[in-house]
Amino acid sequence: DVIYAAGEMKRQVFVPVFAVNGMRVAEDARGVLAQTDVDMVDIGRSTLVNPAWAADALAGRDTGKCLDCSVCRWRIDADQCAGRKLLQYKRQME
């Protein structure tokens, strides 16, 4: 597994190591940090869905996630991103 390979790499080098590869939700990031020796996890596409991803994760709120659309609507118009729209809908329903 690529993410856990980063943990093994950390044991071999003396520089900060980031784990990257499809982490979408805070639970995934927390799990990687807890189970490996990596210094940081990189959340990519989910921060496009929710620019406040880190603050929401720390506060225990739903962070939203990238839905891996076949055609990324965020690239065309961020407001049309399906993951972003879903997160907004969930927040309105709270």
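One can find the structure itself at the top, above this paragraph.
First things first, this report covers the structure right here in the doc. Values in this document were obtained by computation on a predicted structure and should not be read as measured data. (Residues numbered from 1 in each chain as written. Predicted model: local features only at pLDDT ≥ 70, side-chain atom pairs only at ≥ 80, totals over all residues. Heavy atoms only, no water.)

1. Considerations on the overall build of the protein
- Each helix and strand in the protein was counted, giving six helices and two strands.
- Along the protein, from the amino end to the carboxyl end, the secondary structure elements read α-β-α-β-α-α-α-α.
- For the protein, the spread of C-alpha atoms along the principal axes amounts to about 45 × 30 × 20 Å.
- The long-range fraction of contacts in the protein, counting pairs at least 24 apart against all pairs at least 6 apart in sequence, stands at 37%.
- A total of about 6400 Å² of accessible surface is found on the protein, and carbon and sulfur atoms cover 56% of it.
- In the protein, 13 positive and 13 negative side-chain charges are present, and the distance between their average locations comes to 5 Å. (Helix = DSSP H or I, 4+ residues; strand = E, 2+ residues; numbered from the N terminus. Contact = heavy atoms within 4.5 Å. Areas by Shrake-Rupley, 256 points an atom, 1.4 Å probe, with all protein chains shown as cover. Lys, Arg positive; Asp, Glu negative; His and termini not counted. Charge placed at Lys NZ, Arg CZ, Asp CG, Glu CD.)

2. Structural notes on a nonpolar patch on the surface
- Together, L67, L86, Y89 and M93 give the surface a local cluster of nonpolar side chains, amounting to about 400 Å² of exposed area.
- Tracing the backbone through its elements, the reader meets M93 in helix α6 (residues 82-93). (Patch = residues over 30% accessible without salt bridge, like charges linked within 9 Å, V, L, I, M, F, W, Y side chains within 5 Å. Salt bridge = Lys/Arg side-chain N within 4 Å of Asp/Glu carboxyl O.)

3. As for the pattern of salt bridges
- Using the criterion set out here, one finds eight salt bridges in the structure.
- Note that D39 is salt-bridged to K10, the shortest N-O span being 2.9 Å. Taken together, the positions of D39 in the loop between α2 (26-35) and β2 (40-41) and K10 in helix α1 (residues 2-10) put the pair 29 residues apart, joining distant regions of the chain.
- Judged by its relative accessible area of 41%, D39 falls in the partly exposed class.
- Of the charged contacts in the structure, one is a salt bridge between R61 and D56, with a shortest N-O distance of 2.8 Å. (Buried < 20%, exposed > 50% of the residue type's maximum accessible area, 1.4 Å probe, protein only.)

4. Overview of the environment of R30
- With respect to the element layout, R30 can be found in helix α2.
- Within the structure, R30 has its side chain in polar contact with the backbone oxygen of A57 (distance 2.6 Å). (Polar contact = N/O pair within 3.5 Å; in protein donor to acceptor, adjacent residues only side chain to side chain.)

5. Some words on unusual backbone geometry
- Of note in the backbone geometry, D68 takes a positive phi value of approximately 55° without being a glycine.
- Of note, D68 is situated in the loop between α4 (53-59) and α5 (73-76).
- Using a relative accessible area of 44% as the deciding quantity, one classes D68 as partly exposed.

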